[in-house]
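Next come the chains, spelled out residue by residue.
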Amino acid sequence: MKPWDKNIRRVVPYVPGEQPDQPHMLKLNTNENPYPPAPGVAEALYTFDTDRLRLYPDPGAGVLIRAMAKRYQVQEDQVFVGVGSDDVLAMSFLTFFNSDRPIFFPDITYSFYDVWAEEFRIPYERIPLDERFRIRKEDYYRENGGVVFPNPNAPTGELESVDDIEDLLQHNQDVVVIVDEAYIDFGGESVLPLLDKYDNLLVVQTFSKSRSLAGMRIGYAFGSRELIGYLNDVKYSFNSYTMSHLALALGTAAVEDETYFQETLHKITATRERVKKEFAALGFRFGDSQANFLFVTHPNWRAKELFEALKEEHIYVRYFRKPRIDNYLRITIGTDDEMDVLLDFLRDYGKQEKN
Ligand code: PMP
């Protein structure tokens, strides 16, 4: 023990999904988009004037905020952008969860929430999902210091309805409620329209999944003018220049191509629905995921063993060694061809298991 040890802010870190770098791997472990970003993104990159890099970027991220406000039909002062939605969520935890009462989030959910809560010394309570991994909204009627959950949930893919979320908002008007819509574009209905009614609602989304820009790190939040104002105060007090010139230019190009966006979403959701049928035929059990991944379990196969067997073949999926879900795998939806490689492997695996 060093004498200064007692002064350290110790954290048990979040463990991000593996980012292996193999020539012929099939990467279905971190919910990335298998299709490239919109063509305008490449064009913005190739025409980018590197001389601009001498100068600091716009701390208000104006060009991107304007594009977002236009696309989502909100006021510019209702938009906040950050370095991926992880950055936006971390800032939001720090800004909005400052009560002695515990914040509430589901027991099975994005595994960063408890890490931020621990890191920022925010008391929290994990509220168990029901046996089908759905939120029981009545559990959130008690006093708390704030509420956060993803919709669709991760890693389950389960989608809660706008009506149920509105009910939850009605019962939680004196705290901030954060809806993490990282996967909403793949089939869910956003609660964005509820912003007009609830000034304590923060809706967080990302460019990492539906806009194919995980590597550029862009996330954003919509909220009332007051909430976004408080978020900006905290952001400016940490690092005013979070968004680089390049992130602003490429992010703006991505938002401006609605046609490409819709086409990509359509391809991914069509593949997902096909894969659901194939997985059911293989005996897997899973919910009706509305995200770009499936969360599956098999009555005869151990998830961990299957995970290892897939990894041997350089097929990467996600396995969580956690209570209630340690016999599940989360599998990202890739292209049709990629999913065929996975399905071929699984059919063979099934045959070997029988022998
Ligand atoms: N929320 C959820 C539910 C997620 O699964 C992820 C992806 N790990 C994020 C937020 C963060 O994504 P990003 O920082 O790439 O926007």
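Nothing here was measured: the structure is a model prediction, and the numbers come from that model.

Asks: Please explain the overall build of the protein chain as it appears in this structure.
Replies: Helix and strand counts for the protein chain come out as 10 helices and 13 strands. Taking 2.2 N^0.38 as the reference for a compact globule, 355 residues should give roughly 20 Å; the C-alpha atoms of the protein chain span a radius of gyration of 21 Å, in line with that estimate. If one aligns the C-alpha atoms of the protein chain with their principal axes, the spans along those axes are about 65 × 55 × 55 Å. Counting only residues that meet the buried cut, the protein chain has 55% of its 355 residues in that class. In the protein chain, 41 side chains carry a positive charge and 57 a negative one; their mean positions are 4 Å apart.

Asks: What's the story with the nonpolar core in this structure? I'm lost.
Replies: The tendency in soluble globular proteins is for nonpolar side chains to be buried as a group. Residues Phe222, Phe279 and Leu329 are the most contacted members of the largest nonpolar core, which totals 89 residues. Those residues within four positions of Leu329 in sequence are excluded, and the remaining contacts are Leu294, Phe295, Val296, Ala303, Leu306, Phe307, Leu310, Val317, Arg318 and Tyr319. Counting 27 residues, the second largest nonpolar core, distinct from the first, contains Ala90, Phe105, Ala117 and Leu202.

Asks: Explain the side chain of Thr252 to me, please; I cannot follow it from the model alone.
Replies: Relative to the elements of secondary structure, Thr252 occurs in helix α7 (residues 245–256). Apart from residues no more than four positions distant in its own chain, Thr252 is found in contact with Val63, Leu64 and Ala67.

Asks: Can you walk me through the pattern of salt bridges in this structure?
Replies: Pairing between side chains becomes possible if they bear opposite charge and their charged atoms approach one another. Per the counting criterion, the structure on display carries 26 salt bridges. Between Asp114 and Arg126 there is a salt bridge whose closest N-O contact spans 2.7 Å. Of this pair, Asp114 sits in helix α4 (residues 113–119) while Arg126 is found in strand β4 (residues 124–127), placing the two residues 12 residues apart along the sequence. Accessibility expressed as a relative area gives 18% for Asp114, which makes it buried.

Asks: It is not clear to me how the packing of aromatic side chains should be interpreted in this structure. Could you clarify?
Replies: For any pair of aromatic rings, the description consists of the separation of the ring centres together with the inter-plane angle of the planes. Inspection of the entire model under this criterion finds 28 aromatic pairs. Arranged with centres 6.0 Å apart and planes meeting at 70 degrees, the rings of Tyr110 and Phe112 form a pair that is edge-to-face. A relative accessible area of 14% places Phe112 in the buried class. Through a chain of ring-to-ring contacts, the aromatic side chains of Tyr14, Phe93, Phe97, Phe105, Tyr110, Phe112, Tyr113, Trp116 and Tyr124 assemble into a single cluster. A cation sits over an aromatic face here: Arg211 above Phe207, 5.8 Å from the ring centre.

Asks: How should helix α8 (residues 258–281) be read in this particular structure?
Replies: Since the α-helix turns once every 3.6 residues, residues separated by three or four places project in the same direction. Its 24 residues give α8 an end-to-end C-alpha distance of 35 Å, which sits within 8% of 34 Å, the value for a rise of 1.5 Å per residue. All buried positions along α8 are accounted for by Tyr260, Phe261, Thr264, Leu265, Ile268, Thr269, Thr271, Arg272, Val275, Lys276 and Phe279.

Asks: Explain the site of the ligand here, please?
Replies: Around the ligand sit 14 residues in total, of which Ser85, Asp180, Tyr183, Thr206 and Ser208 are the nearest. At 2.6 Å, a side-chain N or O of Ser85 approaches an oxygen atom of the ligand. Contact with the protein chains removes 91% of the 400 Å² of surface that the ligand exposes when unbound. Here the element with the most residues in the shell around the ligand is helix α3 (residues 84–96); it accounts for 4 residues. Grouping the constituent residues of the shell around the ligand by class yields 6 nonpolar, 4 polar and 4 charged.

Rules used throughout
Residues numbered from 1 in each chain as written. Predicted model: local features only at pLDDT ≥ 70, side-chain atom pairs only at ≥ 80, totals over all residues. Heavy atoms only, no water. Helix = DSSP H or I, 4+ residues; strand = E, 2+ residues; numbered from the N terminus. Rg over C-alpha atoms; globule rule 2.2 N^0.38 Å. Buried < 20%, exposed > 50% of the residue type's maximum accessible area, 1.4 Å probe, protein only. Lys, Arg positive; Asp, Glu negative; His and termini not counted. Charge placed at Lys NZ, Arg CZ, Asp CG, Glu CD. Core = buried A, V, L, I, M, F, W, Y, C linked by side-chain atoms within 4.5 Å. Contact = heavy atoms within 4.5 Å. Salt bridge = Lys/Arg side-chain N within 4 Å of Asp/Glu carboxyl O. Phe/Tyr/Trp six-rings, centres within 6.5 Å; stacked < 30°, edge-to-face > 60°. Lys NZ or Arg CZ within 6 Å of the ring centre and 35° of its normal. Expected span 1.5 Å × (residues − 1). Near = heavy atom within 4 Å. Polar contact = N/O pair within 3.5 Å; in protein donor to acceptor, adjacent residues only side chain to side chain. Areas by Shrake-Rupley, 256 points an atom, 1.4 Å probe, with all protein chains shown as cover. Nonpolar A, V, L, I, M, F, W, Y, C, P; charged D, E, K, R; others polar.

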